[in-house]
Amino acid sequence: MGLFGKKKNNTASNSVNNAFLKIKTSKDGAEYTFMLEGRLDTNTSPELKSKVDEVVDDAKKLVFDLEKLDYISSAGLRVLLGSAQAMEDKGEMVVRNITQPVRDIFDLTGFNLLFNIE
Amino acid sequence: MKELVIEAERKNLIQVQAFIDEQLEAVGCPMLTQTAIDIAVEELFVNIASYAYGPEIGIAVVQVSVYEEPLSVEITFIDNGKQYDPLAKPDPDTTLSVKERKKGGLGIFMVKKSMDNVNYEYKDGKNILTIKKNLS
């Protein structure tokens, strides 16, 4: 009883309130930057995958800016891994500005060692 | 114990997570822990949605219990689809290079690593998967 009546204090906004992914793509020569905002999950990661697929043939560098990404599941990690694999022999991939929840997931899965994180 | 009975479809993921979050927020779960639990819930629910019932749509039951001392949460996923123990899958090798890394097995590995306890049993024709996480 007491527990359920407790006022929340350090509970911040929950990730489910932002059940979306916004992707802003910019291009500088053969460098493509994807600014991601919201959630990269089972339902939203196909959208990112198709945006990456559109440019991957032309790209020499892919940058993922995760400053506003507050949630990533294995579905999102698979898109990042697939992108890194696609760039492996033809250029580079960089992940930039990761937030704490995303950093925790990278640490947990070894992706922190796998990617070039700026 | 709170329970949600829902069709095991990917599009219902947000509803399942909202149900879990509601219970977690009621006990002041720290945000990073909540995110870890949300991710585990996604991996397990999407597993059921993707594999348990083949092309058919079946039901998933999600139960949440909160315990005191230590403050912890237990979440159970039940389906009556085909028998499948996701914990039996070998863990991915996290030391491999980009080229060698495989995409499979990542989700359940994340669940195993981030939760304090993960248990699977098959009983009375049901897959029962339980995760536990300390909140304090």
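Note that the structure is predicted; figures quoted are calculated from it, not measured. (Residues numbered from 1 in each chain as written. Chains lettered and ligands numbered in written order. Predicted model: local features only at pLDDT ≥ 70, side-chain atom pairs only at ≥ 80, totals over all residues.)

**Description of the interface of chain B and chain A**
Argument step 1. Each side of the interface is counted separately: chain B has 35 residues, and chain A has 33 residues.
Argument step 2. For the side of chain B that touches chain A, the secondary structure elements donating two or more residues are α1 (13-26), α2 (31-52) and α3 (106-114) of chain B.
Argument step 3. The leading source of residues in the side of chain B that touches chain A is α2 of chain B, at 9 residues.
Argument step 4. A per-class count over the side of chain B that touches chain A returns 15 nonpolar, 8 polar and 12 charged. (Contact = placed C-beta atoms within 7 Å. Helix = DSSP H or I, 4+ residues; strand = E, 2+ residues; numbered from the N terminus. Nonpolar A, V, L, I, M, F, W, Y, C, P; charged D, E, K, R; others polar.)

**Describing the packing of α1 of chain B against α2 of chain B**
All names here are of chain B.
Argument step 1. Interhelical geometry of α1 versus α2 gives an angle of 145 degrees and a closest axis separation of 10 Å. The crossing of α1 and α2 is right-handed. Taken together, the residues of α2 that come into contact with α1 (itself represented by L13, V16, Q17, I20, D21 and L24) are Q34, I37, D38, V41, E42, F45 and V46.
Argument step 2. Grouping the amino acids of the contact of α1 with α2 by side-chain chemistry returns 8 nonpolar, 2 polar and 3 charged. (Axes fitted to C-alpha atoms, helices over the stretch in contact; angles between N-to-C directions. Left-handed = near helix turned anticlockwise from the far one by under 90°.)

**Some details on the sheet that holds strand β5 (residues 116-117) of chain A**
All names here are of chain A.
Argument step 1. As summarised here, the arrangement of the 5 strands in space is β1-β2-β3-β4-β5, forming an open sheet in which the pairing is mixed. One side of each edge strand has no neighbouring strand; the edge strands of this open sheet are β1 (21-28) and β5.
Argument step 2. Pairing analysis gives 2 bridges linking strand β4 (residues 92-96) to β5, with the strands arranged parallel. Among the inter-strand pairings, V95 is bridged to a residue of β5, identified as I117. (Pairing = 2+ DSSP bridges.)

**A few points about the confidence of the model for chain B**
Argument step 1. Model confidence for chain B is summarised by a mean pLDDT of 95, while 100% of its residues fall at 70 or above.
Argument step 2. In the predicted complex, the global pTM is 0.88; the interface-specific ipTM is 0.86. (pLDDT = per-residue confidence, 0-100.)

**Some remarks on unusual backbone geometry**
Argument step 1. A cis amide bond links E69 of chain B with the next residue in sequence, P70 of chain B, at an omega value of -5 degrees.
Argument step 2. Tracing the backbone through its elements, the reader meets P70 of chain B in the loop between β2 (59-67) and β3 (72-79).
Argument step 3. For N97 of chain A, which is not glycine, the phi dihedral falls at a positive 55 degrees.
Argument step 4. Position of N97 of chain A relative to the elements: it lies in the loop between β4 and α4 (100-109).
Argument step 5. The exposure class assigned to N97 of chain A is partly exposed, which follows from the 15 C-beta atoms found within 10 Å.
Argument step 6. The residue E69 of chain B is not glycine, and still its phi comes out positive at about 50 degrees.
Argument step 7. Among the secondary structure elements, E69 of chain B is positioned in the loop between β2 and β3. (Buried ≥ 20, exposed ≤ 12 C-beta atoms within 10 Å, placed from the backbone.)

**Details of α4 of chain A**
In an α-helix, one turn spans 3.6 residues, which is why side chains three or four residues apart end up on the same side.
Argument step 1. Every buried residue belonging to α4 of chain A is among P101, V102, I105, F106 and T109 of chain A, and all of these are buried. Along the axis of α4 of chain A, the buried residues cluster in a sector spanning 140 degrees; they form a single face. Projecting away from the buried face of α4 of chain A at angles above 90 degrees are the exposed residues Q100 and D107 of chain A.
Argument step 2. Elements that come into contact with the buried residues of α4 of chain A comprise β3 (61-72), α3 (74-87) and α5 (111-114) of chain A together with α2 and α3 of chain B. (Arc of directions from axis to C-beta.)

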